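Now for the letters of each chain:
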Amino acid sequence: MAIEVTFDGAFPELFSEYVEYKRNLGYVYPNSRIYLVKRLSRFLAGRAADERVLTRDAAEAFTRPRDGESSGSAAGRRGIARQFALFLRWKGIDAWVLPEHSGPRQPSSFAPRIISADEMARVIACADARPASRCGPQTQPVYAMLVRLLWCCGLRIGEALSLRVGDVNLVDAVITVRKAKHNRTRLVPMSESLAAHARRYAVAVGLVPENPAAWFFPSPRGGGYNPGSATALIQGLMFEAGV
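Residues numbered from 1 in each chain as written. Predicted model: local features only at pLDDT ≥ 70, side-chain atom pairs only at ≥ 80, totals over all residues. Heavy atoms only, no water.

(A) Region of the structure containing unusual backbone geometry. Of note, the phi angle at F11 is positive, near 50°, even though the residue is not glycine. Note on placement: F11 falls in the segment before α1 (12–24). Given the relative accessible area of 26%, F11 is considered partly exposed. In this structure, A173 takes a positive phi of about 60° despite not being glycine. Structurally, the position occupied by A173 is in the loop between β1 (168–169) and β2 (174–177). On the accessibility criterion, A173 (9% relative accessible area) is buried. (Helix = DSSP H or I, 4+ residues; strand = E, 2+ residues; numbered from the N terminus. Buried < 20%, exposed > 50% of the residue type's maximum accessible area, 1.4 Å probe, protein only.)

(B) Up close: the sheet that holds β2. Ordered in space as β1-β2-β3, the three strands form an open sheet in which the pairing is antiparallel. With one partner strand each, in any of the chains shown, β1 and β3 (186–189) form the two edges of the open sheet. One ladder, built from four bridges, connects β2 with β3; its direction is antiparallel. Pairing of I175 across the sheet is with V188, part of β3. (Pairing = 2+ DSSP bridges.)

(C) The nonpolar core, seen in detail. The biggest cluster of nonpolar side chains holds 38 residues, and the ones touching the most others in it are L146, L149, I175, M190 and F217. When residues of this core are traced back to their parent elements, those giving at least two are α5 (117–129), α6 (139–153), α7 (157–161), β2, α8 (192–205) and α9 (227–240). Considering every element that reaches this core, the biggest residue donor is α6, with seven residues. Not counting the four nearest positions on each side in its chain, M190 is found in contact with C153, V168, N169, L170, A173, V174, I175, A195 and A198. In terms of nonpolar packing, the next biggest core, distinct from the first, is built from 28 residues, A10, F15, L36 and L88 among them. (Core = buried A, V, L, I, M, F, W, Y, C linked by side-chain atoms within 4.5 Å. Contact = heavy atoms within 4.5 Å.)

(D) Expanded view of the packing of helix α2 (residues 31–45) against helix α3 (residues 56–63). Following both chains from N to C, one finds α2 and α3 inclined at 125°, their axes separated by 11 Å at the closest point. With respect to α3, the axis of α2 lies oblique. As α2 runs across α3, the sense of the crossing is right-handed. Contacts between α2 and α3 pair L36, R39, L40, F43 and L44 from the former with A58, A61 and F62 from the latter. When its residues are assigned to classes, the contact of α2 with α3 shows seven nonpolar, no polar and one charged. (Axes fitted to C-alpha atoms, helices over the stretch in contact; angles between N-to-C directions. Parallel < 35°, antiparallel > 145°, perpendicular 65-115°, else oblique. Left-handed = near helix turned anticlockwise from the far one by under 90°. Nonpolar A, V, L, I, M, F, W, Y, C, P; charged D, E, K, R; others polar.)

(E) Quick look at the pattern of salt bridges. One pass over the full model with this rule turns up eight salt bridges. Between R156 and E159 there is a salt bridge, and its shortest N-O distance comes to 3.0 Å. Accessibility expressed as a relative area gives 32% for R156, which makes it partly exposed. Given a relative accessible area of 2%, E159 falls into the buried group. (Salt bridge = Lys/Arg side-chain N within 4 Å of Asp/Glu carboxyl O.)

The values reported here are purely geometric and, on their own, carry no functional implication.
Right under this line is the structure:
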C-alpha cells in the first residue's frame, strides 16, 4: 500500500494531490523525490502567499544554484519545480513553468534494455516458483499475476497496482485503467491465455465480482501494494532469473 505523505509547508493539499497524481500515472516516488517535494512546500511557506502558488520569482529563487551544490541536486530542484507547475496548470491554476532546458544538460548513463520473450518466461517461472510469504499465502499468486500483467499489457506499475476488481472484466477480457497518463481512462485487452490465468488468480485470491471496489492485487495487510516495494521484488525476480 502506498505510504501516505504529510506535508507541513505551504499548500499541503495541493502537494499531496500532486504526489497522488504522479503515482496514478505509474511513477514510483522514492524518499529522495518526496524530500524534494517537501522542500519546495517548505520553501513556499517562507514566502508571501500568492494565489498563483508558484510565481516566476519563487521558482527561480528555489532553483537558483547553491554554492558547492552538485549538478544533480540542482537538476532535481528544477525538475520538481517544473513538474509541480505543470500540474498546477493542469488544474487550472496560473503558475509559471520553468523552461525545460533552463539548466546545464547532464549526460545520461541510461541505456535501454529490451527483454526478450525467453528472458521474461524465466522471470515468470521464478514468480510462479516463489514461496508464499509469511505475511499471507496470497502474495505468491499476486506477483505471478502482476508480472504477467505488466509484460502482456504494458501497464505501468502504479496503474497495475491501482486496479480494482471492477476494473478487470474477466468475461470480456478487458481492463479499464483509470486516471492514466494525462488523467485519461483507457481500455486494455487481455489475451485469452492471460484472461484464463486471471480467472484462476481471482479464485485463488478470493476476489468476487460482488465486491468491485476491492483491490485486484490485495495486500496481506489490507489495501494495495506500495509501487516501490513491488518494483524491488520484481527486480529481485529478474536477478534470480539471470536477467
